[in-house]
Structures are given as C-alpha cells and as structure tokens.
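# Descriptive structure summary
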Amino acid sequence: MFDLITNKSKNCGVYQFGCRLNKILWDQGVNNKYYECEDLNTFSKIKKKSKIILFNFINASRPTAPLKWLTQDIINELKLKGHIVGVLEHSDDLKYQFDFIVHQNPLKYSNNNLTIPRPLFYDFDNIPFKKVDNISTEILKRKKLIFGSFGLAFNNKGFDKIIHKINNEFESAIIRMHIIKANYNDSNGSFHEKVIKYLKSIKLKNNVSLKISTNFLSDPELLSFLNKNDVNILNYQNTHQENDDGSLSSAVDHAISSRKPFSVSSSHQFKHIDRALTIESNSLFEIISNGSYYNDKYLKLW
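Because the structure is predicted, anything quoted here is derived from the model rather than measured.

Here we take up the overall build of the chain. Helix and strand counts for the chain stand at 10 helices and 11 strands. For the chain, with 302 residues in total, the buried portion stands at 53%. When contacts within the chain are restricted to residue pairs at least 6 apart in sequence, those whose partners lie at least 24 apart make up 72%. Accessible surface computed for the chain: about 14800 Å², of which carbon and sulfur atoms make up 50%.

Read from one edge to the other, the open sheet built from five strands follows the order 9-8-7-10-11, with strand pairing classed as parallel. Since the sheet does not close on itself, it has two edges, and those belong to strand 9 (208-213) and strand 11 (262-264), each with one partner. When strand polarity is set aside, the average angle formed by the axes of neighbouring strands in this sheet is 20°. In this fold helix 5 (residues 159-169) packs onto strand 7 (145-152), strand 8 (173-180), strand 9 and strand 10 (231-234), with an angle of close to 175° to the strand it touches most, strand 8. Sheet strands touched by helix 7 (residues 219-227): strand 7, strand 8, strand 9 and strand 10. Its angle to strand 8, the strand with the most contacts, is close to 160°.

Moving on to the confidence of the model for the chain. Mean pLDDT over the chain stands at 83; residues scoring 70 or higher make up 83%. The spread of mean pLDDT over the elements of the chain runs between strand 6 (residues 114-115), the lowest at 60, and strand 9, the highest at 97.

Along the chain, the position of I166 falls in helix 5. In this structure the C-alpha to C-alpha distance between I166 and L284, which are 118 residues apart in sequence, comes to 9.4 Å. Sequence-distant contacts of I166, defined by excluding residues within four places in its chain, comprise F147, A173, I175 and I233.

Quick look at the side chain of S265 now. Residue position: S265 is located in the loop between strand 11 and helix 9 (284-289). By relative accessible area, S265 is classed as buried at 0%.

Moving on to helix 7. The buried count for helix 7 comes to seven of nine residues, which makes it a mostly enclosed element. Of the positions making up helix 7, those classed as buried are D219, P220, L222, L223, F225, L226 and N227. Residues of helix 7 that are buried make contact with helix 1 (13-27), strand 7, strand 8, strand 9, strand 10 and helix 8 (251-257).

Each value, and the rule that gives it
Residues numbered from 1 in each chain as written. Predicted model: local features only at pLDDT ≥ 70, side-chain atom pairs only at ≥ 80, totals over all residues. Heavy atoms only, no water. Helix = DSSP H or I, 4+ residues; strand = E, 2+ residues; numbered from the N terminus. Buried < 20%, exposed > 50% of the residue type's maximum accessible area, 1.4 Å probe, protein only. Contact = heavy atoms within 4.5 Å. Areas by Shrake-Rupley, 256 points an atom, 1.4 Å probe, with all protein chains shown as cover. Pairing = 2+ DSSP bridges. Axes fitted to C-alpha atoms, helices over the stretch in contact; angles between N-to-C directions. pLDDT = per-residue confidence, 0-100.

Put into structure tokens, the structure is as follows:
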C-alpha cells in the first residue's frame, strides 16, 4: 500500500495526470490511498499509515507550481519517520532528493527507478467512439474537414498558428477549440480572456469557421469533443532542445484516446510521439488518411 499525493486544481495537466493514474491503479486492484493537498496544512492532517509516499510533483522553483509547499525538509522529515518517499517525474530538474523516481516517459528507462505506461483512456460506456479507417487524400480533399485543438490558455500552445495554417491551406473547414483558463498562472482569467479575444479577431476565409468553448469538461466530455473532429492538433511552440526539462504533455493522452487522427508539433513535450505525426514535416491530409493507426499503436503499446 502507498499514499499518492497530488494537488487539487482540475485546470492543471499535472493534476489530471495524477488523477487518471490513480483511477487506473484502482481499476487494476492496487491498494493505494489518494489525497489532494493544496497546502501543507492539509497534508499535515493526513494519517500517513503507508510505508511509501508518492508525490505527483513538478519543480517547485516555478512560482505557481503544483505542490509548491513541498520542501526538502518535509521530505527529510518523512524519511526520518521511516517512510520511503518517491515522485512522479514531470521534470528532469527535480531539485529535491527522493528515494525513487517513477518516470512518466514510457521510452525512458534507468536501473534504479520505475517507468509506468501513460495513463490512457480505454472504455467509457457513454461515448460512442467512432474509429476511422484509412482514407485516400483525394476523398479528404472533397470534404469539409473538422479540425480540433484544446488546452490551457498559454502563449506556447500555438492556437493562433493552427488557425492560420488551416485558413491558409484549406478553402473550407471548421475549427473547433476548447480552451480553459489555467488556475495556477491565471487565477482571475484575464489572460484567458485576452487569448480568446485575439483568436476570435483572426480574419478567416468565408468558408472557414472558428468555434471556441471555454467551460471545464470532464474526461468523458473532452473525449467526446475530440472524437467529433477529423483530426486533433497540439501545436506547442517550446521546441528548443535547450529548454527540454523532461516534461511531457498529458494532453496527447486524450488525443490518442479519442480514436481520431492527431498531429503534434516537434516540441520536446511530444518527444515520445512518432515523428510521422509532426505538423511541421507532414501533410495534415496524410495524417488524417492514416485513420486510427497511431491511436491503436499507442493504446496497445502503453
């Protein structure tokens, strides 16, 4: 048995990763306790009966980091009380000394640590998943395609570049975006409002439309949203290798699980994804024509 400690904000990729992982553990019959702790006071009240404590943690030097209350002193105190303290790795720059690390990159292996599969979604009874077969690019060119994207309202998500690319390359298209505010970096929603306003100001061709939703969606609702698109695009712009802190995007787990074609940028946050899906080097027609091939590949692999 072990305790899994995570933050409490739903509008956070770190939280969503930990929450999904916990659900999978419970579904597999793993006997672990799950706690959401937004501050040290909440954590202090937990009856820590488990020998092992696992933190869903990202570098606390970030001013708005989840579990920013966690310090090396707290970790050392837990060790002195006989606990084995581990961390779900979201960054290579951990700052603190843990007893073990659980890698979230399925391609990463080391002698002293553990690697877990990505927490993908498999079956939701209320989602009529529509898988797509391979289709010729000539047929696709005659369709009015639906392009989707989603995520938190950050500058580096590349939402504007997706809109410009589709507007420039297609005479007719529907662009659907689901963009929510980031609780840790934009608590009052002012930046979120600015991003939405800018995206809506982009001039589009007459037969290209943009639809943006902003309400928080549950996992089944988000997967249903993605499954209604012909292709889902994640176009993060932090592509430079020197900025690679080891973190991976958890958004791509939803894209894979939607059973619809998806494309990603060459950002280091998608370094675990096949380069045949990068938007910079591959035609969107070709990516869509692959159907659910890559979705099936990763669902079976992870």
